[in-house]
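What follows is the residue order along each chain.
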Amino acid sequence: VDGIDFEFGITTTDIREAELNRVMMHTAQKTIVLADSSKFHRRGFSKISNIEDVDVIITDAGITDSIRRHIEELGIELLIAQ
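Quick look at the structure, then. (Residues numbered from 1 in each chain as written. Predicted model: local features only at pLDDT ≥ 70, side-chain atom pairs only at ≥ 80, totals over all residues. Heavy atoms only, no water.)

### Brief notes about the overall build of the protein chain
Looking only at helices and strands, one finds two helices and six strands in the protein chain. When its helices and strands are written in sequence order, the protein chain yields β-β-α-β-β-β-α-β. Along the three orthogonal principal directions, the C-alpha set of the protein chain runs to about 35 × 25 × 25 Å. Counting across all 82 residues of the protein chain, residues that qualify as buried make up 38%. With 9 positive and 15 negative side-chain charges, the protein chain shows a spacing of 3 Å between the two charge centroids. (Helix = DSSP H or I, 4+ residues; strand = E, 2+ residues; numbered from the N terminus. Buried < 20%, exposed > 50% of the residue type's maximum accessible area, 1.4 Å probe, protein only. Lys, Arg positive; Asp, Glu negative; His and termini not counted. Charge placed at Lys NZ, Arg CZ, Asp CG, Glu CD.)

Next comes the structure, spelled out in structure tokens:
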């Protein structure tokens, strides 16, 4: 994804990619988002889904404690890559 905004959702800059991602999410058993820490609090042009539709977020150790807490409060599994 190109952006993760807790109010707006997960986004990308390509409308075709967003449409494809939505279809894949609806057919998948689990939705996993891979995004480096710079993508948080950003919005891309095309919305993929609400953040609540995500099961797991994989990111780097650059996220803040407040972002980490917010993800955990939403019940989303968080994996930090080293």
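### Some points on the packing of aromatic side chains
Following the criterion strictly, the structure yields one aromatic pair and no others. For the cation-ring pair, Lys47 lies above Phe8, with the distance from its terminal atom to the ring centre recorded as 5.2 Å. (Phe/Tyr/Trp six-rings, centres within 6.5 Å; stacked < 30°, edge-to-face > 60°. Lys NZ or Arg CZ within 6 Å of the ring centre and 35° of its normal.)

### So, the side chain of Asp5
Position of Asp5 among the secondary structure elements: in strand 1 (residues 3-5). For Asp5, the side chain forms a polar contact with the main-chain nitrogen of Phe8, separated by 2.8 Å. Engagement of the side chain of Asp5 in a polar contact is seen with the side chain of Arg43, the distance being 3.5 Å. Sequence-distant contacts of Asp5, defined by excluding residues within four places in its chain, comprise Arg42 and Arg43. (Polar contact = N/O pair within 3.5 Å; in protein donor to acceptor, adjacent residues only side chain to side chain. Contact = heavy atoms within 4.5 Å.)

### Description of the sheet that holds strand 5 (residues 56-60)
Taken together, three strands build an open sheet; the order of strands is 3-5-6 and the sheet is parallel. With partners counted over all chains shown, the strands left at the sheet margins are strand 3 (32-34) and strand 6 (77-81), one partner each. The sheet shows a mean angle of 20° between the axes of neighbouring strands, taken without regard to direction. (Pairing = 2+ DSSP bridges. Axes fitted to C-alpha atoms, helices over the stretch in contact; angles between N-to-C directions.)

### Concerning the nonpolar core
Grouped together as the largest cluster of nonpolar side chains are 17 residues, with contacts concentrated most on Ile4, Ile10, Val33, Phe40, Ile51, Ile57 and Ile71. Residue assignment for this core shows that the elements contributing at least two residues are helix 1 (15-27) and helix 2 (65-73). With residues up to four places along the chain from it excluded, the contact list for Ile71 reads Phe6, Phe40, Ile57, Ile76 and Leu78. (Core = buried A, V, L, I, M, F, W, Y, C linked by side-chain atoms within 4.5 Å.)

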